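Structure at a glance
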Amino acid sequence: MSAASIDRIIIRHLSGSKANQIEQIPVQDLQEVTIGRDPASTIAFDAKRDDVVSRHHAAIRIPANDDSAFRLVDLNSSNGTLLNGQPVKEDAELLPEDTIELGKNGPKFVFDVQPRPPAMSARTRVISAVDTTATRVVNAVGATGQIDGDKTGQVTATAAATAEPPKSSVGKETVMRMLGEERRSTSRVWAASLAGVVAFVALVGGAFYWRHLNELGEIREAQARDNARVATEASTNLSQQLGMSAQQIVSRYGDAVLKIYLQWRVFDQETGKPIFHKTVVYDGRTYPAYVRLPGDLGVVRWLTLDDENRSNPSIGEAGEGSGFVVSEQGFILTNKHVAAGWMVPYDASVGQYGIVFDLKQPAAFKKRDKAAMINLEGASDEASRLRRWVPEAGGVVFHPNVAIPIGSIDGLDNSIAKRVFIGRNEYLEARFAGSRLSINASLVRPSSDADAALIKIDSPQPLNKIDISANDELRVGQKVIDLGYPAVSVETYTQFTTREAGGPSRVHDELVPQPSVNEGIISALGSASRREGDQTTRSSGGDVFQMSINTSGPGNSGGPVFNAEGKVIGLHTYGRKVGDARVTLGVPIRYGRDLLQPQRAAQ
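All values derive from a computational prediction rather than experimental measurement. (Residues numbered from 1 in each chain as written. Predicted model: local features only at pLDDT ≥ 70, side-chain atom pairs only at ≥ 80, totals over all residues. Heavy atoms only, no water.)

Here we come to the side chain of Lys336. Checked against the element boundaries, Lys336 lands in helix 3 (residues 336-339). Look at Lys336: it is buried, it has no salt bridge, and the nearest opposite charge is Asp451 at 6.2 Å. Ignoring anything within four residues of it in the chain, the contact list for Lys336 reads Gly341, Met343, Val344, Pro446, Ser447, Ser448, Ala450, Asp451, Ala452 and Ala453. (Helix = DSSP H or I, 4+ residues; strand = E, 2+ residues; numbered from the N terminus. Buried < 20%, exposed > 50% of the residue type's maximum accessible area, 1.4 Å probe, protein only. Lys, Arg positive; Asp, Glu negative; His and termini not counted. Salt bridge = Lys/Arg side-chain N within 4 Å of Asp/Glu carboxyl O. Contact = heavy atoms within 4.5 Å.)

Below is the structure:
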């Protein structure tokens, strides 16, 4: 027989999810028929209902060097493969009308081929040996006894020979005794037969009852497995729908979120001196000073290189924020306004109002001079421009006593030149949750597109890191959870005593950070500025997403924002407040991911 003469393989399913179905598989160029719950299998079973079948359970192979036979092999399945009720150990010859069973009581089907070659017949059916009814055999005797009853009750014996033996008479009592013994013998036979029948019935009934109990137990076990599988699937589906809880997030990633301490200042590049903002006293109160420049240059801060006995505050800021570990080597993502505050708008001021001076006007004005007051929190263009000033962009530096730019000759040079400023972190430290020890951090790079920055700490051990989402899709209504260290949260301190170099004992109170977890949804989406034709579209907050979380605040900046899968989709950034209403904003994680990929892949 040649496999080439066979057109197709016929599979008739007897049980399982595919019961009463027939599959036809073309044989041309076929080397293997795979069987299992893998959807890619040639004979694929239902992944849920046929759970005794392995993903890759068995295979029917046509040997390359012998196309005259089909071979059935088990692919190390969990429940085994049976051929005509016998387990397949390695491989077995497969003939038409063979029955294949995938695991005990698993799906069963019959193998056949069409057209069936004459030399390829089904297996010879073997009949079990059964004893037929035995023929009773009576041993032959040398003489035959014949009992004849006559009227006188005499018995005559006839011999095989021609001669007759003499008759012997039997009495009535003897006959009656013989009849009694015959009745008793017959009763014993019937009793034994009846006992045998009863025992047989009891044995068969017990066997059927035992089989019924086993089948009932198997049914109950199968029902219990089905119920457990349904419950597990329901629990899994529910977990997938609800995602990770806030408790799971903080338990798994709390130790990878750090509290960051910072202080930065701005310096004049030419002289190396720090930059200060001049203040003046008016009506007994101290106000920041501003200078009105000529033309369209507007109002600018009165910046100076003199602190005037510490009456002028320096351009800089100290504060706290949050960050999270993104690599085992100590790289940390946070906000740019946390790690490099001189690169973002600087709106710090002494108070709500300021005093504006004209160019060349002395700072020591007389009380009768009219002071020009400016509302720094107002909605005017001047106030808005002052709030948007970025220290890194530089500025005009004036003499401390008169509103004349440094570099002008006797105040006669009206040229206004901005000086170059350099920002610098005076300290940048990070502290892990549950620890009272801070670690120095350094700025690696800030983002030029969003409020994100990358910093680094040196750690003697690999750090637990947080995974970043590779999917940038954000949806209104999407569940979000953030971690961080908002200043409004309760804090934990530890007290300890030290004594060094033989000196007196010192008692210390040290903060031990504990992250705060908040849960909400994405309530609105902003967008980056984009131009379409002659129109430009932008959102008031830029490329950010708005969250319903309103229980955080300052100090939470730079913390991770998680989705339901436990992946970071953004960085907590500024909040917005109008009256008593407050919302929190987040920066999409793609800006943080860009900082981790300084070298772009070749296009």
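Here the narrative resumes.
Here we take up unusual backbone geometry. Note that the residue after Gln114, namely Pro115, is joined by a cis bond; omega there is -15 degrees. Along the chain, the position of Pro115 falls in the loop between strand 11 (108-114) and strand 12 (154-155). Backbone geometry places Glu97, a non-glycine residue, at a positive phi of 70 degrees. Counting through the fold element by element, Glu97 comes out in the loop between strand 9 (91-94) and strand 10 (98-102). Although it is not a glycine, Asn105 sits at a positive phi angle of roughly 65 degrees. Secondary-structure assignment places Asn105 in the loop between strand 10 and strand 11. For Asn105, a relative accessible area of 57% corresponds to the exposed category.

Bringing the environment of Tyr427 into the picture now. For Tyr427, the location among the structural elements is in strand 24 (residues 421-432). Distance from Tyr427 to Ala318, taken between C-alpha atoms, is 9.2 Å for residues 109 residues apart in sequence.

So, about the sheet that holds strand 25 (residues 439-446). With antiparallel pairing, six strands are arranged side by side around a closed barrel as 14-20-21-26-25-24. Adjacent strand axes in the sheet meet at a mean angle of 40 degrees, parallel and antiparallel pairs treated alike. Bridge analysis of strand 14 (residues 257-268) against strand 24 gives 11 bridges, and the strand direction is antiparallel. Opposite Arg265, over in strand 24, you have Arg424 as the bridge partner. (Pairing = 2+ DSSP bridges. Axes fitted to C-alpha atoms, helices over the stretch in contact; angles between N-to-C directions.)

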